[in-house]
Amino acid sequence: MNGRRKLIPMHGAARWTGGFWQGRQRACCQATIPAMGRLMIDDDRPRYLGNFEVAAGLVAGRHRGPKWNDGDFYKWLEAAAASLPLTGNAALAAQLDNLIGLIGRTQDTDGYIHTDVQIAQRTGASTPRFGNPMDFEMYNMGHLISAAVVHHRATGKSSLLDVALCAARFLDRRFAHPIPLDARHGICPAHLMALIDLYRLTGDRAHRDLAERLLNMRDLVTGGDDDNQDRVPFRQQRTAHGHAVRATYLYAGAADVYAETGDNSLWPALESIWNDLVSRRLYITGGCGALFDGASPDGATDQATITRVHQAFGRAYQLPNSTAHNETCAAIGNLFFNWRMLQITGDAKYADVVEWTLYNSVLAGVSLAGTEFFYTNTLRQLDTMPCELRWSRRRQARINCYCCPPNVARVVVQSADYAYLRGDDSIAIVLYGDSSLDTTFPGGRLRLRQETQYPWSGAVRITLQECPADLVLRLRIPAWCERATVQINGAASATAAPGTFLELRRRWAPGDLIEVNLPMPVRLLEAHPLVEETRNQLAVARGPIVYCLESVDLPSDTRLVDVRLREDLPFCDHAPDPALGGVVPLEGRAIVAAGEPWADRLYRPIRRGRQREILLRLVPYFAWDNRGPAEMSVWIPAAG
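The text that follows walks through the structure, step by step, so that each part is easy to find. Numbers given for residues are sequential positions, taken from 1 along each chain in its written order. Reporting of local features is limited, given that this is a predicted model, to residues whose pLDDT is at least 70; pairs of side-chain atoms are given and counted only at 80 or more, and all residues count toward the totals for whole chains, interfaces and linings. Excluding hydrogens and water, the side-chain figures rest on all heavy atoms present in the structure.

### Let's talk about the overall build of the chain
Put simply, the rule reads: Strands here are runs of E lasting at least two residues and helices are runs of H or I lasting at least four, both read from the DSSP assignment and numbered beginning at the N terminus. Each radius of gyration reported is based on C-alpha atoms, and the globular scaling rule is 2.2 Å times the count of residues to the power 0.38. Any two residues whose heavy atoms approach within 4.5 Å are treated as being in contact. What sets the accessible areas is the Shrake-Rupley method with a 1.4 Å probe; for residues, cover comes only from the shown protein chains. Neither His nor the chain ends is counted toward charge; the positive residues are Lys and Arg and the negative residues Asp and Glu. In plain terms, the charge of a residue is placed at NZ if it is Lys, CZ if Arg, CG if Asp and CD if Glu.
Of the regular secondary structure elements, the chain holds 14 helices and 23 strands. Against the compact-globule benchmark of 26 Å for 640 residues, the chain has a radius of gyration of 25 Å, which places it among compact chains. Along the three orthogonal principal directions, the C-alpha set of the chain runs to about 75 × 70 × 50 Å. Considering only intrachain contacts with a sequence separation of at least 6, the fraction spanning at least 24 residues in the chain is 70%. When the accessible area of the chain is evaluated, it comes to approximately 24400 Å², of which 49% is carbon and sulfur surface. Taking the 70 positively charged and 69 negatively charged side chains of the chain as two groups, their mean positions are separated by 1 Å.

### A word on the packing of helix α1 (residues 19–42) against helix α3 (residues 69–87)
This is how it is decided: Each axis is a line fitted through C-alpha atoms, taken for helices only over the stretch in contact, and angles between the N-to-C directions span 0 to 180 degrees. Reported orientations rely on four angle classes, namely roughly parallel under 35 degrees, roughly antiparallel over 145, roughly perpendicular from 65 to 115, and oblique for the rest. In this scheme, a crossing is called left-handed if the near helix is turned counterclockwise away from the far one by less than a right angle; it is called right-handed if the turn is clockwise. Polar here means any residue other than Ala, Val, Leu, Ile, Met, Phe, Trp, Tyr, Cys and Pro, which are nonpolar, and Asp, Glu, Lys and Arg, which are charged; Gly is therefore polar.
At their nearest, the axes of α1 and α3 sit 10 Å apart, and the two run at 140 degrees to each other. Classified by the angle their axes make, α1 and α3 are oblique. Considering only the axes of α1 and α3, their crossing is left-handed. Two secondary-structure elements touch here, α1 through Q25, C29, I33, M36, G37, M40 and I41 and α3 through D72, F73, W76, A79, A80, S83, L86 and T87. For the contact of α1 with α3, the class distribution of residues is 10 nonpolar, four polar and one charged.

### Brief notes about the side chain of R5
Rules: The buried label goes to any residue with under 20% of its type's maximum accessible area, the exposed label to any with over 50%, and the partly exposed label to all in between, with areas taken from a 1.4 Å probe on protein chains only. Here a polar contact is taken to be a pair of N or O atoms separated by no more than 3.5 Å, where protein atoms must pair a possible hydrogen donor with a possible acceptor and residues adjacent in sequence count only if both atoms sit in side chains.
Mapped onto the secondary structure, R5 falls in the segment before β1 (14–16). The buried category is assigned to R5, whose relative accessible area is 15%. Side-chain polar atoms of R5 contact the side chain of Q343, separated by 2.9 Å. Those residues in contact with R5 that lie beyond four places of it in its chain are R200, A259, E260, Q343 and I344.

### Focus on helix α7 (residues 159–174)
The following threshold applies: Helix span, expected: 1.5 Å multiplied by one less than the number of residues in the helix.
Along its 16 residues, α7 runs 23 Å from first to last C-alpha, staying within 8% of the 22 Å computed at 1.5 Å per residue. Looking only at α7, the buried set comprises L160, L161, V163, A164, L165, C166, A167, A168, F170 and L171. Packed against the buried residues of α7 are α3, α4 (90–106), α6 (137–155), α8 (190–202) and α9 (205–217).

### What about the side chain of N338?
Its place among the elements puts N338 in helix α12 (residues 328–345). Within the structure, N338 has its side chain in polar contact with the side chain of W274 (distance 2.6 Å).

### Quick look at the pairing of strand β9 (residues 459–466)
Definition in use: Pairs of strands are assigned from DSSP output, requiring at least two bridges between the strands.
Here six bridges tie strand β8 (residues 444–452) to β9, and the two strands are oriented antiparallel to one another. When the bridges of β9 are listed, Q450 appears paired with I462. Across five bridges, β9 lies against strand β14 (residues 513–517) in antiparallel orientation. Bridge pairing in β14 places I462 opposite I514.

### Digging into the state of the cysteines
We apply this condition: By convention in this document, the label disulfide applies to cysteine sulfur atom pairs within 2.5 Å.
Evaluated as defined, the whole model comprises zero disulfides. We note that C288 lacks a disulfide partner, and the nearest cysteine sulfur, in C329, lies 11 Å from it. A relative accessible area of 1% means that C288 is categorised as buried. Of all cysteine sulfurs, the one in C404 lies closest to C329, which takes part in no disulfide; the gap is 3.6 Å.

### What to know about the sheet that holds strand β5 (residues 420–422)
Spatial strand order, β5-β6-β10-β13: four strands in an open sheet with mixed pairing. Because the sheet does not close on itself, it has two edges, and the strands there are β5 and β13 (500–505). The sheet shows a mean angle of 20 degrees between the axes of neighbouring strands, taken without regard to direction. Of the strand pairs in this sheet, β5 and strand β6 (residues 426–429) are connected by three bridges, and their pairing is antiparallel. Each bridged residue has a counterpart across the sheet, and for R422 the counterpart in β6 is I427.

Here it is, written out as structure tokens:
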């Protein structure tokens, strides 16, 4: 590996033109972004916009909300800016101009901006800049920079970009020569991805060099812990440990630094951590960060090294269902990590995780209507949970820690940017969906159109409307698809192997039609035997969608815990369900083995009760909890 990206995104070149993703994007633009904006701008509990007004001296008051509220506000602003080319919403554009003006007024003349510290200093408190790593100053400025890059791409304006450049120059001066006392300020390092994006936009190597310096600064930590991934220097890490959001942001940022610097000392850590994460610590839904609270390194001989870790990965294969944490932001961090590894390598295994994560764990974080959210994402919801859990198992419009909702919004509204990647002379189709692509190669303009009912159908038609004659077209064949076929202008093409990009090389002409067929049989999946909580249980998937059982779909006299799956009772598609936004459920038959209530007993002799068959309906995991309170499970016991 030499660090050069093999594949590059084309921001804004692709558009969803219909189907599944346009529907999700429309809900985000029409419902999520406006509702979120009202909460952040009009609501005073906790403050988002209000903190900037106080910090700028426009009103009196104190800082309200978590110290990372600025970052959540910037994430919403990024989503809102990205929506403008899709909606042409002039009122929103004017509103963003006003908000950016306020952000500019809040920023200190030397580029520093962080409302919590600025408000404290305005009131005369002796609160130093970068005095406490848990103030999340660098994290917030990272999201400011990311929002500014997207705002500039979407609008061509430099108003927010000027603020971001000033902040980046401040960080460059402040951390020109890092010392150990500085080292822990890289918490939840969104700034690494942001600075590399700023470098790619401006071409100014100072931003790239700063990102590299801030990554290396972490190695100066003494007495670190896995809660911030600094117990062990990054280049020595080989497994995914600690706080799942902070970790996945670090991995994504390190991949960006590697891609631009070619620092080969980073690659062994990136590759090994990825292998550990996807083969030992990733939920079947693509979620990660299994534990509400963990201890790391768990069971270490040197007990002095063990620390408490919030929303932790846990041990290898430790994937509880009812008590799964799975913060939505961790799924998004994993998406970012895999997206960057895909660009570096061109390997379809990373694209598989991108798709799986998007459809399941990321989309699960927002309701079908687009206005209610999950902070954590369980795999089993029962009326009686085994312990008290901090976060609600029902979707909520307001979450005290509001980092996940705007994070989901910015991903969904920019989801078309994940559909295609370009190489020197190639286009890779990463996501299938009704879409158009319009970009330019040295050999000429490329315009193509996808038509498909994906993810409910695997039939995809790709029409080349205008194209360079020597274009290389790379079609992703998902790892779950074992008998994919491809035809060009009605004639069969090469064999398509699962988990690869199929390269099509020929002399292309406008009007050429590529037809891809990705069979989607229903699959019953089992987990590795070391995943103890899912022994002798099955999950159901079709195409890229993981399904679950909700008690609302069971007969009134049937309990979710009594349902069993049998391999010889097949499932088939159901008609799209208007009550669930047109998603396609699955229908089949299952076994109910009802037993007497357990009461307070922990163990009892096995009882083989009377069994009966029932009609079973499963819905996509991302669509659960959209029909009122219900029990839910992804994993269902196998019938004996």
